[in-house]
Protein chains: 2
Amino acid sequence: MRRLLMAGPDFSLAAVDPPSTPGFDGGKKEGAAALAAGADVLSSLQEKLFAESRAGREIAVLLVLQGMDTSGKGGILRHVVGLVDPQGVQHHAFKAPTEEEQHHDFLWRVRRRLPEPGVIGVFDRSHYEDVLIHRVRGLSAPDEVEKRYPAIRSFEEEIATSGTRVLKVMLHISKDEQKARLAERLERKDKYWKYSPGDVDERAYWEQYQEAYEAVVERTSTPDAPWYVVPADRKWYARLAVQQLLTATLEDMQLSWPRATFDVEAEKRRLAAS
Amino acid sequence: MRRLLMAGPDFSLAAVDPPSTPGFDGGKKEGAAALAAGADVLSSLQEKLFAESRAGREIAVLLVLQGMDTSGKGGILRHVVGLVDPQGVQHHAFKAPTEEEQHHDFLWRVRRRLPEPGVIGVFDRSHYEDVLIHRVRGLSAPDEVEKRYPAIRSFEEEIATSGTRVLKVMLHISKDEQKARLAERLERKDKYWKYSPGDVDERAYWEQYQEAYEAVVERTSTPDAPWYVVPADRKWYARLAVQQLLTATLEDMQLSWPRATFDVEAEKRRLAAS
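Just so you know, the residues in each chain are numbered from 1, in the order the chain's sequence is written. By the order in which they are written, chains take letters starting at A while ligands take numbers starting at 1. Side-chain atom pairs in this predicted model are given and counted only at pLDDT of 80 or more, local residue features only at pLDDT of at least 70, and totals for whole chains, interfaces and linings cover all residues. Only hydrogens and water are removed before side-chain values are computed, so all heavy atoms of the structure are retained for them.

### Re the pattern of salt bridges
Residues and elements named next belong to chain A. Salt bridge, as used here: a side-chain nitrogen of Lys or Arg that lies within 4 Å of a carboxyl oxygen of Asp or Glu. Following the criterion strictly, the structure yields 34 salt bridges over all chains and no others. Here Arg 270 makes a salt bridge to Glu 267, at a shortest N to O gap of 3.0 Å. Of the two residues, Arg 270 and Glu 267 are both situated in helix H12 (residues 264-273); the distance of three residues between them amounts to about one turn of the helix. Arg 270 sits in the partly exposed class, given a relative accessible area of 31%. Salt bridges sharing partners connect three or more residues here, namely Asp 69, Arg 125 and Glu 129. The helix count covers DSSP runs of H or I at least four residues long, the strand count covers runs of E at least two residues long, and both are numbered beginning at the N terminus. With a 1.4 Å probe rolled over the protein chains alone, any residue whose accessible area is under 20% of its type maximum counts as buried; one over 50% counts as exposed, and the rest are partly exposed.

Now the structure itself:
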């Protein structure tokens, strides 16, 4: 699945079909079962990551989640990352920058939220907003936006070099699926709070956002920090895919349980006498 | 259950029996079933809390978890708080203070971790360490420790006044149960990393810790921030008890789904046309 989802050098967003399920033959029911079955593996890997960091290895994982409104970023957090021990997770949802944040370079607030050793950090939106909405809605000048792509590449290289694996996922939904998900929020009184009239305004820029995403994937996919574009019209598939990507990322780290730094038998005797 | 667990004015820690299960008649199996059954209720309340904060109410919940090593604080985080949406939770484990933290008042680092509106904040250890280990192991002078009790009362009153409900839980285990839990860590290679020889050293101060906990409960239980002392030799009971305490705390807040701030029918038409 990982190889199928990784964006290659001749990436085209239009070639990714949002309702498709690359690398998985089953349907919703089989997908949910596979997700449940994979939870323990991921959970155990996360605990090893944490254990190794306690033994002094400076390692972490950063999962960057990007996608249009309603693409399911929150669901990934809840149904994929939410199945591992919360002590091993640090997540942050990046909103419109505060006044303080605006006074700094665009990477400043992101740096402050990088995961500590042993932890899976999750960014719900990220520094990529600074080359997505900023480009589409002209929040920054075009030449300023232009400078950010290489700045992001350097930044992520620095993170990877420091021992943090960077996993970047774009959840790719179709415009029609977004319409259906927004409509649901207007049908239920307990969902009104999730709806904002601005969501419909943004839909007028759909094509420009697709172009901006394509530029992001083309220009910031590096060996250290590749992009994975996950078809996301089927929530169950997107969740399973991100679980598998996270699992594969952790498996690559060759984690193992740290050896005891004390004499186990001597400690058993001390404990028994205490 | 809440009434039984709340520490009253004539509180005595010795009167709380660690293997008991106040307010619950069933055993482990029934307890696990009750915990699973309660997850959706708590989850829905948390979502309402979050929704109301988005609509402008400045409300939050702070769960303070204290207890001896191995008392199960991490298990509460994972199996109780871990069942609600991670986006609605901010947790922090307070360790020995860093050099920067030591340069400030003992409440400084705690203030910085208070939950944002809409969120359930969880402290795994807290400012109470400054009147527990500091008292028992003499990390601060006795008159300095003495001043901290009223400082804590004022601090928590301030938090409550600002709209954050404060729920303080002491997980109360027996010295024998701690021995059994530490012994388990010495039996399994995948648990060695959780063991530290210092854990046995601390056991020599068990009685002093009990006295320090009793002083904490006596001197910092207030109407705004009461202490609940939860018997914790049975993990399943402690989890169920904390779930019920959290649920009751949220129910007290009289949460409801915010009304739409837009014309629902007009938005349906705009969305359909988009």
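### What about the packing of helix H2 (residues 28-54) of chain A against helix H11 (residues 235-252) of chain A?
Residues and elements named next belong to chain A. Angles here are taken between N-to-C directions and fall from 0 to 180 degrees, while the axes themselves are lines fitted to C-alpha atoms, restricted in helices to the stretch in contact. In contact at an axis separation of 9 Å, H2 and H11 are set at 30° when each is read in the N-to-C sense. When the axes of H2 and H11 are compared, the pair comes out roughly parallel. At the point where H2 passes H11, the crossing takes the left-handed sense. The residues of H11 that touch H2, namely those facing Lys 28, Gly 31, Ala 34, Leu 35, Gly 38, Ala 39, Val 41, Leu 42, Leu 45 and Leu 49, are Trp 236, Arg 239, Leu 240, Gln 243, Leu 246, Thr 247, Leu 250 and Glu 251. Roughly parallel here means an angle under 35 degrees, roughly antiparallel means over 145, roughly perpendicular means 65 to 115, and every remaining angle is called oblique. Each helix crossing is assigned a hand: it is left-handed if the near helix lies turned anticlockwise from the far helix by less than a right angle, otherwise right-handed if that turn is clockwise. Throughout, a residue-residue contact means that at least one pair of heavy atoms, one from each residue, lies within 4.5 Å.

### Quick notes on helix H7 (residues 142-161) of chain B
Residue and element names in this part refer to chain B. Helix length check: H7 (20 residues) gives 30 Å between terminal C-alpha atoms against 28 Å at 1.5 Å per residue, within 8%. Residues of H7 that are buried: Val 145, Arg 148, Tyr 149, Ile 152, Phe 155, Glu 156 and Ile 159. Those residues of H7 hidden inside the fold are in contact with helix H5 (108-111), helix H6 (133-136), strand S4 (164-172) and helix H10 (206-220). Gly 163 lies just past H7 and shows a positive phi near 110°. Here the expected span of a helix is defined as 1.5 Å times the quantity of residues minus one.

### What about the packing of aromatic side chains?
Any two of the Phe, Tyr and Trp rings considered here, Trp counted by its six-membered ring, make a pair once their centres fall within 6.5 Å; the pair's planes then place it as stacked at under 30 degrees, edge-to-face at over 60, or tilted in between. Under the defined criterion, the tally for this structure stands at 14 aromatic pairs over all chains. With a centroid separation of 4.9 Å and an interplanar angle of 70°, the aromatic rings of Tyr 128 of chain A and Trp 227 of chain A are classed as edge-to-face. In this pair, Tyr 128 of chain A is assigned in the loop between strand S3 (120-124) and helix H6 (133-136) and Trp 227 of chain A in strand S5 (residues 227-231), connecting sequence segments 99 residues apart. Taken individually, Tyr 128 of chain A and Trp 227 of chain A each receive the classification buried, so the pair is uniform in this respect. Relative to Phe 262 of chain B, the ring of Tyr 192 of chain A has its centre 6.2 Å away and its plane inclined at 70°; by these criteria the two rings are edge-to-face. A residue pair is termed interchain when its members come from two chains, as with Tyr 192 of chain A in the loop between helix H8 (175-187) and helix H9 (197-203) and Phe 262 of chain B in the loop between helix H11 (235-252) and helix H12 (264-273).

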